[in-house]
Every structure is written in structure tokens, then in C-alpha cells.
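Each chain, letter by letter, is given below.
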Amino acid sequence: TIRPVRRSYYDPSSAPGKGVVWEWENDSGSWTPYDMDVGITIQRAYEKQHPWVDLSAIGFCYVIDFATMGQINRQTQRKRRVRRRLDMVYPLVSGTLPKSQSWPASPGAAAAPPVPACACPQCLLVMSVKGTVSAAGPGTATLQPRKAPAVPPAAPKPPAPAPGAKAPDSMAAARGSLKPLAAQGGRRQAASTPTLSSASSSASPPGAGSGKVSRPSLGTLNRSHLQRLAIAQSRVLIASGVPTVPVKNLTGSSPVNPALAGITGILMSAAGLPVCLTRPPKLVLHPPPVSKSEIQSIPGISHTCRKTTKKQAKKGKTPEEVLKKYLQKVRHPPDEDCTICMERLSAPSGYKGPQPAVKPDLVGKLVKCGHVFHLHCLVAMYNNGNKDGSLQCPTCKTIYGVKTGTQPPGKMEYHIIPHALPGHSDCKTIRIIYNIPPGVQGPEHPNPGKSFTARGFPRHCYLPDSEKGRKVLKLLLVAWDRRLIFAIGTSSTTGESDTVIWNEIHHKTEFGSNLTGHGYPDINYLDNVLAELAAQGITEESLAQEKD
């Protein structure tokens, strides 16, 4: 699988630029750093001496309280510790950052020594943009950052630098400390890819190395200036009749598309063609904060919470009595294999485990699906299962009786919130909150008597508040009562054993995006989850059974 990668530059005055790292304490007691954008937001509020900061504006349902240095979940009120520590600045450099140098106040001022051109794709893109714009003629005069509209400086410190130049100076200072590294990287790149090196040198801005400063150097362009350069370059080339090709960060189903977009963007920028780059969408796990007065119960469904206790009492029937309801004896077995023991049905069962109280040569046929097995094998299979009075055909998965699972005790909450899911703008949203605490495994679990963990709870899931969405919720309630939503096993994402895991009924845990595949829009989700519920023996008929 090919995935795109990217480098990000951060202002030296931001959290990563100062080496500030914000971290939260996880369940194991160790510290996990926040994402860079979240850390920058927290640090900005901390520097302004705000008492707290609400992260819901960037898609996280948390409040950071600086007085107690805690993270508070706005929905569950759970609190975690946070901390602020100092690390090396990002990206990692040796030594300390030099002091910021002021922008030359006049064209006659001494210019900074030229910085060796970097051969990374991002700098090649900037070089090609500037080279094309400079060759396009007078129409590019607006591209010079020093000619941007004047804004009163924050402090009346003469001589006042031109607005838009203050931030790039800090960036230039940061680049200065990286000068040896950039030069080494440029030499290595030049040795392996002479074509790119020549492109970067030919596209370098005019006037480099001379005493006269006619336009900012590459190191002093910040992100907003680069965006204005790219936009103006596209306008100039479109007006002159040069064709432009947009290249986007594709998020299609194929994993190759984003890589092709990135490679195409690098090649086009090296050739001096305009490239339209887009930011990838952000992950939105939770909806905006909802007050208690905005939460509504779901019409047609009583209560807003349901609990499960320990395993239901076993039915007082032997395995032979249970199977007798679902089987017909076969006196003349067909000439085929038993799909449980893989021995011929005309021969005795090949099961070698604990021997059931059934003759090994008896054969039975399941009444619904018609598949034939040794009775000896079916009894052994039932004894190795949940022993809840139900049976599932090992060949076609047809369920006989009421199938139940081994879900540990917990609580399921459900209600309506006044926000719409992507792709379902015509209705509100049903929010489901599952909460299962850690505990000790029972006799029906993989390791009886051993403790199990419950990571990531409470888990928030979402359905559209439509007719089909309410139908899915009603069936999920049946699945919850039958203990089929969760199980105890090994996590496929973390590899942790003896932990609570999902049990083959998919849920949507991403509210405002679909970056993980567990969000919206997904036009097939409701139909898919209905099929998964049916595979567990839960259909509309189950609703009538539950009422009975």
C-alpha cells in the first residue's frame, strides 16, 4: 500500500517551534503527546493566560483546565491529567535557534548571505512558482510580500518593518540554524537527481547574491505568502492561455490515488506547471457539545438506558435434549463427509475429545437447512460453545433457537442529539453510548477467573434519526440484551489479549468525517448492519419475540 507523506513547517513562536509538548495521561499511567495542531491550540491559550481552553472548535469534546492541569471530557465528565514539558524544537536541530534578525529597512541595506537551495519537493515547488511568476511579466507585481496592504505594526518601533515580513524573519532565522543540514541534503539530492537540482537552480529568484534586495528570499516566505504566490501564478498562466492541471489530495477507495496525486504534484512543480494542492480533511470523532436540555428520548422506544448483568441462567436441558428439537435422525446416511470431523457419514464419528453420551455412528439432519452431521459431533460442538439452548449450523450458519453471546456486564445509553450526520442532513442523530468496566472473566469466557481490560470506554456511536436508523437501533437493543455486541478476546488493532472487543456488528464511531471508515457518509451502512444483525439471528421477528 502506497500512502502520501508530507513535511510541515511551524512558526518558531508556536509550541513546536519553542519545543513545548503537551501530553495527557493514558490508562496505563504513561504520557501520550497531543497531535501537533491540538498542542499548538493549547499552548496559544496557555500563553494568553486563559484559565481554560475548549477543544470542541477543532473537533474534540474536551476542556483543558490550566488551574488543575486536567483534561475534562464534556460528555462523560471524566478527567485526566495533562502536563506541559519542554523538548527540542521541531524539527529537531542541534544547538539553539539564533536570534531573529530584522528585515532590511531599505533597499540599500545589506542583504543576508544567500542560503543554499534546498532540493526537497516543497522547496522545488516554491522555486518553480517563483520562477514562473517572475517570467510572466508585470502582472506579478502583487506577488511581492513587501507590497502587501499596510497594517499598523503592533509596537511603534522605528524603523517599522513592512507587514507580512515579521513572521518570515523568524522563519528565516529557523532556516539559518538548519543551513548545514539543508546544504548536505541538497548535495545528496544533487548527486542522485541532477535534473531536479538544475531545475531548482534555474528557478532561483533573480537578484540572489547581489546587494540589491528586489524580492524576499525563499527562506523568508511564510505559508500565507506561498499560497498567494500559487494563486497569483495560476491566474497569470490561465490568463496567458497556459493550461493548468489541478492535483488534489484524493481520498478515494484506492490507496494508490493519493500517492499518484503527490507524485504528479512534485513532477508538475519541477516542470514549472501550477499545482492546486488541498489539505486533507480533519478527523471529527464527536459532535459539537450538547446540553442536557437538547437531548431527547427516541419516540417509540421506552427508556434511554439499558443494562446487562452476568450470564443468563442456563436452561435445565441436556445437549441431547436441545439437539433433539432441531434434528431428524437419518437411517441411511449419504455418501459424503461430516464437515465437523471430516470422516465419512457412513463411518463412526472421528471426534477425539471428551466423549458425549451419544453413539458415534448416529447421524442427524438439521430441519431448516438440511445439512447432515454425526450426532456425536454436534453434541461435542454444542458442549464447546455457549450452551445457551441454541445451535448454529457449521456449514451455512443457520441459527436454531435464540443465540446469545458472552458480552460482559455494562450499560447502553441512547438518545437524540440536535446535529445531523454527513449524508443525512434531513434528520437529527441518534447517539449510542456503550460503557463496559473492566472485570473478571466468567466461566463462559476464554480464560475464566482472569481479569479483562475495557479500553476506549465509553464508546460513542451514531445513527441517523430516520425510519431505518430507528429500526437498526431497536435491533441493536435486542443484540445488547442477548449479549452479542461485545465479546472478550484479542484486539485486532492493538494485539492486546483478554480485552473487550467488538463482536461482528459494525458501528459508526466517527461523527463528522469518514477518514477511518467508521463514519459518514456511508450510503450502504444501514443495510450492511441489518445484514450483520440477521447473521446473528436478529431480525424484525426478534422484536416480536422480545415483546412476547
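Above this text sits the structure in question.
Residues numbered from 1 in each chain as written. Predicted model: local features only at pLDDT ≥ 70, side-chain atom pairs only at ≥ 80, totals over all residues. Heavy atoms only, no water.

Student: Give a detailed account of the pattern of salt bridges, specifying residues and quantitative values.
Tutor: In this structure the tally under the stated criterion is 19 salt bridges. Here Glu496 and Arg455 are joined by a salt bridge, their closest N and O atoms 3.1 Å apart. In this pair, Glu496 is assigned in the loop between strand S18 (486-489) and strand S19 (499-502) and Arg455 in the loop between strand S16 (451-452) and strand S17 (459-464), connecting sequence segments 41 residues apart. Owing to a relative accessible area of 37%, Arg455 belongs among the partly exposed residues under this scheme. A single network of salt bridges, built from pairs that share partners, joins Glu23, Arg83, Arg85 and Asp87. (Salt bridge = Lys/Arg side-chain N within 4 Å of Asp/Glu carboxyl O. Helix = DSSP H or I, 4+ residues; strand = E, 2+ residues; numbered from the N terminus. Buried < 20%, exposed > 50% of the residue type's maximum accessible area, 1.4 Å probe, protein only.)

Student: Could you give me a rundown of the pairing of strand S13 (residues 410-417), with the residues and numbers involved?
Tutor: With six of eight residues buried, S13 lies mostly within the body of the structure. In the sheet, strand S7 (residues 305-308) pairs with S13 via four bridges, with the strands oriented antiparallel. Opposite Thr308, over in S13, you have Gly410 as the bridge partner. Examined bridge by bridge, S13 and strand S14 (residues 429-435) share seven bridges and lie antiparallel to one another. From the neighbouring strand, Ile416 faces S14, where its bridge partner is Ile430. (Pairing = 2+ DSSP bridges.)

Student: Summarise the state of the cysteines; cite the residues concerned and give the values.
Tutor: If you walk through the whole model with that rule in mind, you get zero disulfides. Just so you know, Cys393 is unpaired, no disulfide at all, and the nearest cysteine sulfur is the one on Cys396, 3.6 Å from it. The exposure class assigned to Cys393 is buried, which follows from its relative accessible area of 0%. (Disulfide = S-S within 2.5 Å.)

Student: I'd like a rundown of the packing of aromatic side chains, residues and numbers included.
Tutor: Taken as a whole and assessed by the stated rule, the structure comprises 11 aromatic pairs. Aromatic pair Tyr434 and Trp502: ring centres 6.0 Å apart, planes at 80°, arrangement edge-to-face. Of this pair, Tyr434 sits in strand S14 while Trp502 sits in strand S19, placing them 68 residues apart in sequence. In this structure Tyr434 comes out as buried when scored by relative accessible area, which is 0%. By relative accessible area, Trp502 is classed as partly exposed at 31%. Three or more aromatic residues joined by ring pairs form one cluster here, namely Tyr434, Phe457, Trp480, Phe486 and Trp502. When the ring centre of Phe457 is taken as reference, the NZ or CZ atom of Arg459 above it lies at 4.3 Å. A cation over a ring is seen here: Lys508 above Tyr520, with NZ or CZ 6.0 Å from the ring centre. (Phe/Tyr/Trp six-rings, centres within 6.5 Å; stacked < 30°, edge-to-face > 60°. Lys NZ or Arg CZ within 6 Å of the ring centre and 35° of its normal.)

Student: Account for a positive patch on the surface, with residues named and values stated.
Tutor: A grouping of Lys324, Lys329, Arg331 and Lys359 is seen on the molecular surface, where their side chains present a positively charged patch. Here Lys324 is to be found in helix H9 (residues 319-324). (Patch = residues over 30% accessible without salt bridge, like charges linked within 9 Å, V, L, I, M, F, W, Y side chains within 5 Å. Areas by Shrake-Rupley, 256 points an atom, 1.4 Å probe, with all protein chains shown as cover. Lys, Arg positive; Asp, Glu negative; His and termini not counted. Charge placed at Lys NZ, Arg CZ, Asp CG, Glu CD.)

Student: Go over the environment of Thr406, please, and point to the residues and values.
Tutor: On the secondary structure map, Thr406 appears in the loop between strand S12 (399-400) and S13. Spatially, the C-alpha atoms of Thr406 and Asn503 are 9.8 Å apart, while their sequence positions differ by 97 residues. Discounting chain neighbours no more than four positions away, the residues touching Thr406 are Asn386, Glu444, His445, Arg483, Phe486 and Ala487. (Contact = heavy atoms within 4.5 Å.)

Student: Outline helix H10 (residues 375-383), listing residues and values.
Tutor: Burial runs high along H10: seven of the nine residues are buried. Those residues of H10 that sit buried are Leu375, His376, Cys377, Leu378, Val379, Ala380 and Tyr382. Of the surrounding elements, those touching the buried residues of H10 are H9, strand S8 (327-329), strand S9 (363-366) and strand S10 (372-374).

Student: So what about the sheet that holds S7? Which residues, and what values?
Tutor: What the four strands build is an open sheet, ordered S7-S13-S14-S17; its pairing is antiparallel. Of all strands in the sheet, those with a lone pairing partner are S7 and S17, marking the two edges. The average angle at which neighbouring strand axes cross in this sheet is 20°, direction not considered. (Axes fitted to C-alpha atoms, helices over the stretch in contact; angles between N-to-C directions.)

Student: A description of the environment of Ile505 should follow, citing residues and the corresponding values.
Tutor: When you line up the elements, Ile505 lands in the loop between S19 and helix H12 (525-535). Take Ile505: its relative accessible area is 1%, and that puts it in the buried class. Distance in space between the C-alpha atoms of Ile505 and Leu533 is 6.7 Å, their sequence separation being 28 residues. Once you skip the residues sitting within four places of it in the chain, Ile505 turns out to touch Leu476, Ala479, Leu484, Ile485, Val529, Glu532, Leu533 and Gln536.

Keep in mind these numbers describe shape, not what the thing actually does.
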